[in-house]
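# Inside the fold
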Amino acid sequence: SQQIQFADDMQEFTKFPTKTGRRSLSRSISQSSTDSYSSAASYTDSSDDEVSPREKQQTNSKGSSNFCVKNIKQAEFGRREIEIAEQDMSALISLRKRAQGEKPLAGAKIVGCTHITAQTAVSACLFGGPGLGPAFPWGAKLFISSKWEKAHSKGAPVLSGVAVFAWKGESEDDFWWCIDRCVNVDGWQANMILDDGGDLTHWVYKKYPSVFKKIRGIVEESVTGVHRLYQLSKAGKLCVPAMNVNDSVTKQKFDNLYCCRESILDGLKRTTDVMFGGKQVVVCGYGEVGKGCCAALKALGAIVYVTEIDPICALQACMDGFRVVKLSEVIRQVDVVITCTGNKNVVTREHLDRMKNSCIVCNMGHSNTEIDVTSLRTPELTWERVRSQVDHVIWPDGKRVVLLAEGRLLNLSCSTVPTFVLSITATTQALALIELYNAPEGRYKQDVYLLPKKMDEYVASLHLPSFDAHLTELTDDQAKYLGLNKNGPFKPNYY
């Protein structure tokens, strides 16, 4: 079969400079942030909720009990959902077919912590099954834990050679227990980390330093996890190379912008049935997520305000036709408040006290830190569960604020994320894992690296056949005029 070449032998990933004073964010996990699921696909037996999965004795069809999920009997239902997801993840399937002869991850032992849905289960089966590596004995290839997940999808990866420790309704203690079970395994030691948020990396670094030093590479896809890696690098404590997938173009532009442009409406409609025409909405943050949310809301006739700290993003919002305001200026009049900043305490108790009756509050940004939900758990306020992921917080005067998913991520908690977008992200992660695992010694130092544009463009090219898109090819004269290789990369590294 034709050899897949992901990077030239002498080509390094563009090293992202660690700047003094770079803003860093800490991430806290609460019970509420780990207790989330998709209302679109809750398929559980109520009797299963009475017993913690940690107390159950379950075995799969191969006789192994090296996993912990809610109900392994739902695996076949999960398999059908995965098969549906695969239909819109053709690029990832194509990558699997191209790599089957080479098995570029043969020998890799990947430990991961990510959201487990039908879509990420496709990735888990790709890494854990015979696609990119040899057919390992059950559970010997990929150990994975989760923060949010559908109730049934993870049973299917369990049958495909992936050790899964995750279930709907994990407490904070359950969450860290699942991570520890993935790391602390007799006769098995991870040599690669696939993380989303930095929790797994942090756990291995703090609890298992000897394991951390032997890791060959870390692939991180979230803003928070990347900030944590930069903190370690700045302190001189990052002893392994790490890949910043979050800032790749295929992640920023597609996962953040196009994904949120669709999933924001999906989550709000499913939970509240609200009509957006004429509604006043304030979107906090005009990064890629905020841009996607604003575009969708504007298209439905909503009156959209934007808050920003960055003058460049603020100017973009103005040029796109949005009024840039301070949250305090519009908090009394808006019908919906959406946070998309990646920060903490963006919506405070003072803001919540000033909101009008029936104002909807939700988060599309970072974990469960953007809305100060803790300040609402006081004796004078009454919480009323309306439906799954929808709470009315009632003030003494009768005012109600509609809080969605208790401040957790709206699209992951209350709806679904478009499969095609997750295909792009998963393909990017796969290529980053392959590159780090197969890189010759010395190519990557103990630091954080960005994906090269050549790899971003390769990920994009794998997805173009889905649209029957045909690229125009530069002539030799045109390529020379632009100073480009005919085959790319076409964008500079700083793009």
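All values reported here derive from a predicted model rather than from experimental measurement.

What counts, and at which threshold
Residues numbered from 1 in each chain as written. Predicted model: local features only at pLDDT ≥ 70, side-chain atom pairs only at ≥ 80, totals over all residues. Heavy atoms only, no water. Helix = DSSP H or I, 4+ residues; strand = E, 2+ residues; numbered from the N terminus. Buried < 20%, exposed > 50% of the residue type's maximum accessible area, 1.4 Å probe, protein only. Contact = heavy atoms within 4.5 Å. Areas by Shrake-Rupley, 256 points an atom, 1.4 Å probe, with all protein chains shown as cover. UniProt positions renumbered as here; feature names shortened; annotations may be inferred. Pairing = 2+ DSSP bridges.

### What about the overall build of the chain?
Across its full length, the chain holds 18 helices and 15 strands. Burial status across the chain gives 57% buried among its 495 residues. Long-range pairs, those at least 24 residues apart, make up 73% of the contacts in the chain between residues at least 6 apart in sequence. Entry remark: accessible area of the chain is about 21,400 Å², with carbon and sulfur atoms responsible for 50%.

### Some words on the UniProt feature "binding site: substrate" (unreviewed entry) in the chain
When the UniProt feature table is mapped to this numbering, "binding site: substrate" (unreviewed entry) covers T117, D196, E221, K251 and D255. Within the secondary structure, K251 sits in helix α10 (residues 249–272). A relative accessible area of 6% means that K251 is categorised as buried. In contact with K251, other than residues within four places in its own chain, are E221, V245, N246, N256 and T425. By the element assignment, D255 lies in helix α10. Setting aside chain neighbours within four positions, we find D255 in contact with E221, T250, C260, V421 and T425.

### What to know about the environment of W167
One can find W167 in the loop between β3 (162–165) and α6 (172–183). Counting along the chain gives 114 residues from W167 to P53, while the straight-line C-alpha distance between them is 7.7 Å.

### What about the pairing of strand β12 (residues 382–387)?
Successive residues of a regular strand alternate their side chains across the two faces of the sheet. Two elements, β12 and strand β13 (residues 390–394), share five bridges in a ladder whose sense is antiparallel. Within β13, the residue paired with R385 across the bridge is D391. Between β12 and β13, which follow one another and run antiparallel, lie two residues, and Q389 among them has a positive phi close to 70°.

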